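# Summary of structural features
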Amino acid sequence: MAVRNILQIGDSRLKAKNHSVSDFNNSKLKKVVKDLVDTIHAGGIFIGIAAPQIGENYQIIATELKETKTRTGDQLDKLRVYINPKIIFYSKTKNVAYEGCGSVAHADLYGQVKRPKEIIIEAFNLDRHKFRLRCDGLLARVIQHEYDHLSGIEFTEKVIDYKKLMNRDFYIKKIKNSKQQIQSSTITIKEFSEL
Ligand SMILES: [Zn+2]
């Protein structure tokens, strides 16, 4: 098990080009995926991670919407790994929700980001099976946030109102259980298929 440090903004590796994976039997690839999974499991509050956040410049992201005191029911989703992901559809309808990031002040800074409500993503899993996932809610948001990391983009570059930034304590107290945050978080998996 290797829990890796999460790089913080300012580190050039977060802005470096991320290479697509070509050799799925590469032991290095398996190690990167395992480290991503170990790191997302270890960081109690992380619900998504991108390979560049651990200094590995590959097109790989992972999501896992774990149960917490305030995240339950239809805001949960199992561990998923996306290799060479491509978001092939963004809904016209967008919503606004607060986001934080392990690479931004160690997830202690939250701000509002407007994103398409629903997406379709295609990617490969570690067994080289291509899959397609259509979803909305918190899962669609986390996938888009992590996908942005693969282009070197932090959520701080997309915040719509810098006057409403807040630290984690205020976010938990004031926002996390707000109607808007909860409504925008409800997940529906509309399609999951292997291609
Ligand atoms: Zn992030």
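Let me sum up the structure you'll find in this document. Given the structure is predicted, the values throughout are model-derived calculations rather than measurements.

Taken together, the protein donors to the zinc ion comprise Cys101 (SG), His145 (NE2) and His149 (NE2), at separations of 2.0 to 2.2 Å. Taking the relative accessible area as the measure of exposure, histidine 149 reaches 2% and is therefore buried.

An order of β4-β5-β8 is seen for the three strands of this open sheet, with the pairing classed as antiparallel. In the strand order of this sheet, the two ends are held by β4 (94-99) and β8 (166-167), each with one partner. Strand direction decides the pairing type here: strand β5 (residues 109-116) and β8, joined by two bridges, are antiparallel. If you follow leucine 109 over to β8, its bridge partner there is asparagine 167. Lying on the sheet, helix α2 (residues 137-149) is in contact with β4 and β5; it crosses β5 at an angle near 100 degrees.

Here α2 spans 19 Å end to end across 13 residues, near enough to the 18 Å set by a 1.5 Å rise per residue. For α2, a buried count of 13 out of 13 residues is recorded, marking the element as mostly surrounded by other parts of the structure.

It is worth spelling out the packing of aromatic side chains at this point. Per the stated rule, a full pass over the model turns up five aromatic pairs. Seen in terms of ring centroids, phenylalanine 24 and phenylalanine 124 are 5.7 Å apart; in terms of plane orientation they differ by 65 degrees. Their pairing is edge-to-face. Of this pair, phenylalanine 24 sits in the segment before α1 (27-42) while phenylalanine 124 sits in strand β6 (residues 118-124), and the two are 100 residues apart along the sequence. The buried category is assigned to phenylalanine 24, whose relative accessible area is 6%. For phenylalanine 124, a relative accessible area of 23% puts it in the partly exposed group. One aromatic cluster is present, built from ring pairs that chain together Tyr82, Phe131 and Phe192. The ring of phenylalanine 192 carries the charged tip of lysine 78 above its face, separated from the ring centre by 5.9 Å.

The tally for this structure, following the rule as stated, stands at 20 salt bridges. The shortest N-O distance in the salt bridge between arginine 132 and glutamate 191 comes to 3.5 Å. Here the residue arginine 132 occupies a position in strand β7 (residues 130-136), and glutamate 191 occupies one in strand β9 (residues 189-194), the gap between them amounting to 59 residues. For arginine 132, a relative accessible area of 26% gives the class partly exposed. According to the relative accessible area criterion, glutamate 191 is partly exposed, its value standing at 26%.

Reading guide: rules and limits
Residues numbered from 1 in each chain as written. Predicted model: local features only at pLDDT ≥ 70, side-chain atom pairs only at ≥ 80, totals over all residues. Heavy atoms only, no water. Donors = N, O, S within 2.8 Å, 3.2 Å for Na, K, Ca; no water. Buried < 20%, exposed > 50% of the residue type's maximum accessible area, 1.4 Å probe, protein only. Pairing = 2+ DSSP bridges. Helix = DSSP H or I, 4+ residues; strand = E, 2+ residues; numbered from the N terminus. Contact = heavy atoms within 4.5 Å. Axes fitted to C-alpha atoms, helices over the stretch in contact; angles between N-to-C directions. Expected span 1.5 Å × (residues − 1). Phe/Tyr/Trp six-rings, centres within 6.5 Å; stacked < 30°, edge-to-face > 60°. Lys NZ or Arg CZ within 6 Å of the ring centre and 35° of its normal. Salt bridge = Lys/Arg side-chain N within 4 Å of Asp/Glu carboxyl O.

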